[in-house]
Amino acid sequence: MPFRISFNLGDADLQHLAEVAQVRQSAARSQPVERIVSAAREVYLKGSQAHLADFVRERYSRLGTMLEMVDDAEWRLSQEDSQRLVNALACFSEPSAGASSALDQAIMIELVSRDLHHDIDAYRDFSKFREAQIAKRHSPPGTDREQWLSQRRETLQKRMHTRRKRDLDAAAGPVRRLFSLFGL
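This write-up is about the structure you can find in this document. Since this is a predicted model, take the numbers as computed values, not measurements. (Residues numbered from 1 in each chain as written. Predicted model: local features only at pLDDT ≥ 70, side-chain atom pairs only at ≥ 80, totals over all residues. Heavy atoms only, no water.)

1. As for the nonpolar core
So, step 1. Counting residues in hydrophobic clusters, the biggest one holds 40 residues, and the most contacted among them are Tyr60, Met66, Trp75, Leu89, Phe92 and Val112.
So, step 2. Elements with a minimum of two residues in this core: α1 (11-28), α2 (33-49), α3 (54-71), α4 (79-90), α5 (101-115), α6 (117-137) and α7 (143-170).
So, step 3. For this core, the element with the most residues is α5, which contributes seven residues.
So, step 4. Once you skip the residues sitting within four places of it in the chain, tyrosine 60 turns out to touch Val43, Tyr44, Gly47, Ser48, Leu52, Ser101, Ala102, Gln105, Ala106 and Ile109. (Core = buried A, V, L, I, M, F, W, Y, C linked by side-chain atoms within 4.5 Å. Buried < 20%, exposed > 50% of the residue type's maximum accessible area, 1.4 Å probe, protein only. Helix = DSSP H or I, 4+ residues; strand = E, 2+ residues; numbered from the N terminus. Contact = heavy atoms within 4.5 Å.)

Here it is as structure tokens:
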């Protein structure tokens, strides 16, 4: 029987998490991108290999999607979008210690993935499209493949930008902070 537990993060909690993210992002600025990605991958691997509650496991899968995005040469993010993604991954540049670290990381993943939810949705749609087209066309990588991938990528990234801008424009004052807690 499923059991629902919910909790609220107060202003002090959100402020603390934002400060942790800012410190990690600031420290990561002097690190090569590969090191930031590697640290986030370490957090992901530890979480995905542990026996975790479904709630926590689902959050870790979002971090996995972010790592796929950063590694996917066919997704071809703009420099600005790529930097947003690296900034998000920098929030995981220092693995947490202690018994509650998996839950702490899951909460951070939840907050970061909220900032990137349009990016994650667009990338998942791109991946599904690519898989479906590869199965349908049975074609190896090549010019034709690049053409249909390029069209879909441009459409989805445009949608991602439009939705992100719409959400930020619609939010005002303190509410705006919830749409972009970490300034991603």
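And the narrative resumes.
2. Examining α4
So, step 1. In this model α4 runs 16 Å from its N-terminal to its C-terminal C-alpha over 12 residues, within 8% of the 16 Å that 1.5 Å per residue would give.
So, step 2. Listing the buried residues of α4 in full gives Asp81, Arg84, Leu85, Val86, Ala88, Leu89 and Ala90. (Expected span 1.5 Å × (residues − 1).)

3. A closer look at the environment of aspartate 125
So, step 1. The residue aspartate 125 is located in helix α6 in this model.
So, step 2. When the C-alpha atoms of aspartate 125 and arginine 152 are compared, they prove to be 9.2 Å apart, with 27 residues separating the residues in sequence.
So, step 3. Here aspartate 125 is in contact with Leu156 and Arg159, once residues within four sequence places are set aside.

4. Digging into the environment of serine 78
So, step 1. Its place among the elements puts serine 78 in the loop between α3 and α4.
So, step 2. Taking relative accessible area as the criterion, serine 78 reaches 32% and is therefore assigned partly exposed.
So, step 3. For the pair serine 78 and glutamine 157, spaced 79 residues apart in sequence, the C-alpha to C-alpha distance is 9.3 Å.
So, step 4. A polar contact is formed between the side chain of serine 78 and the backbone nitrogen of aspartate 81, at a distance of 3.1 Å. (Polar contact = N/O pair within 3.5 Å; in protein donor to acceptor, adjacent residues only side chain to side chain.)

5. Some points on the packing of aromatic side chains
So, step 1. Taken as a whole and judged by the stated rule, the model has three aromatic pairs.
So, step 2. Ring geometry for tryptophan 75 against phenylalanine 126: centres 5.0 Å apart, planes inclined by 50 degrees, an arrangement best described as tilted. Taken together, the residues span a long stretch of sequence, with tryptophan 75 in the loop between α3 and α4 and phenylalanine 126 in helix α6 at a distance of 51 residues.
So, step 3. Between phenylalanine 129 and tryptophan 148, the ring centres sit 5.9 Å apart and the planes meet at 75 degrees, which makes this aromatic pair edge-to-face. Placement of the pair is phenylalanine 129 in helix α6 and tryptophan 148 in helix α7, with a sequence separation of 19 residues.
So, step 4. Using a relative accessible area of 22% as the deciding quantity, one classes phenylalanine 129 as partly exposed.
So, step 5. Judged by relative accessible area, which is 5%, tryptophan 148 ranks as buried.
So, step 6. What links up through ring pairs into an aromatic cluster is the set Trp75, Tyr123 and Phe126. (Phe/Tyr/Trp six-rings, centres within 6.5 Å; stacked < 30°, edge-to-face > 60°.)

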